[in-house]
Amino acid sequence: QVQLVESGGGLVQAGGSLRPSCAASGSTFSSYAMGWFRQAPGKEREFVAAISRGGIDTYYADSVKGRFTISRDNAKNTVFLQMNSLKPEDTAVYYCAGTLRLGVPSNRNLYAYWGQGTQVTVSS
């Protein structure tokens, strides 16, 4: 099994940038497709972005396309989420997740492994 630990959240003004990361341990990182999800207060956890095992394929929610970039470094067992042009509606707890499924799944039920989350707050 893989263990996931997020870091790099924080407080930023609208229009600013953050780059949360997620460190993996306990298993072969390159065996997992990775995703980022977020959950705002009172809302369901929603898909943000996913990246395939080798990092070739990526997929984004429409709400973040063109502003967020997911990437991974399999040598360092880490996945990143570069977030630019942040908006107050991006405020949420951001979770990374891992799946042994192929491709770039966007369904959270396909992800078996989750981190504890990192808070991102965007002020207006």
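Please read these numbers as outputs of a predicted model, since none were measured by experiment.

Trainee: Please clarify how the pairing of strand β11 (residues 118–123) should be interpreted in this entry.
Mentor: Along any regular strand, the residues point their side chains to alternate faces of the sheet. Of the two faces of β11, only one is covered, namely that formed by T118, V120 and V122; the face formed by Q119, T121 and S123 stays uncovered. Pairing of strand β2 (residues 10–13) with β11 involves four bridges; the strand directions are parallel. What sits directly across from Q13, in β11, is S123. Here strand β9 (residues 92–99) runs beside β11; their pairing, made up of three bridges, is antiparallel. Looking at the pairing, V93 lines up with Q119 of β11.

Trainee: In this structure, what is going on with the pairing of strand β4 (residues 33–39)? I would like to understand it.
Mentor: Counting buried positions over the seven residues of β4 gives six, a clear majority of the element. Bridge analysis of β4 against β9 gives seven bridges, and the strand direction is antiparallel. For Q39, the partnering residue across the bridge sits in β9 and is V93. In the sheet, β4 pairs with strand β5 (residues 46–51) via five bridges, with the strands oriented antiparallel. Looking across to β5, one finds that W36 is bridged to A49. Hairpin geometry of β4 and β5 is characterised by an intervening segment of six residues between the two adjacent antiparallel strands and by a positive phi of about 80 degrees at G42.

Trainee: Where do I start with the nonpolar core in this structure?
Mentor: A general tendency of soluble globular proteins is for nonpolar side chains to be buried together. Ranked by size, the top nonpolar core spans 33 residues in total, and within it W36, L81 and Y94 carry the most contacts. Mapped by element, the contributors of at least two residues to this core are β3 (21–25), β4, β5, β7 (68–73), β8 (78–83), β9 and β11. Of the residues forming this core, the biggest block, five residues, is contributed by β5. Every residue in contact with L81, bar those within four places of it in the chain, is listed here: L18, R19, P20, W36, V48, A49, F68, T69, I70 and Y94.

Trainee: What am I meant to see in the state of the cysteines here?
Mentor: What makes a disulfide is a covalent bond joining the sulfur atoms belonging to two cysteines. Overall, the coordinates contain one disulfide when judged by the stated rule. The disulfide bridge from C22 ends at C96, spanning 1.9 Å between sulfur atoms. On the sign convention where negative is left-handed, the bridge of C22 and C96, at about 40 degrees about the S-S bond, is right-handed. You can see C22 sitting in strand β3 and its partner C96 sitting in strand β9, a full 74 residues away along the chain. A single burial state applies to C22 and to C96, both of which are buried.

Trainee: Help me understand the sheet that holds β7 in this model?
Mentor: Strand pairing in a sheet is mediated by backbone hydrogen bonds. Such pairs are either parallel or antiparallel. Pairing in this open sheet of four strands is antiparallel, and the strands run β1-β3-β8-β7 from one edge to the other. Only two strands of the sheet have a single neighbouring strand rather than two, namely β1 (3–7) and β7. Neighbouring strand axes in the sheet, compared pairwise and without regard to direction, differ in orientation by 15 degrees on average. In this structure, β7 lies alongside β8, joined through six bridges in antiparallel fashion. Looking at β8, one finds that R72 is bridged to V79.

Calculation notes
- Residues numbered from 1 in each chain as written.
- Predicted model: local features only at pLDDT ≥ 70, side-chain atom pairs only at ≥ 80, totals over all residues.
- Heavy atoms only, no water.
- Buried < 20%, exposed > 50% of the residue type's maximum accessible area, 1.4 Å probe, protein only.
- Helix = DSSP H or I, 4+ residues; strand = E, 2+ residues; numbered from the N terminus.
- Pairing = 2+ DSSP bridges.
- Core = buried A, V, L, I, M, F, W, Y, C linked by side-chain atoms within 4.5 Å.
- Contact = heavy atoms within 4.5 Å.
- Disulfide = S-S within 2.5 Å.
- Axes fitted to C-alpha atoms, helices over the stretch in contact; angles between N-to-C directions.

So yeah, pure geometry; function would need other evidence.
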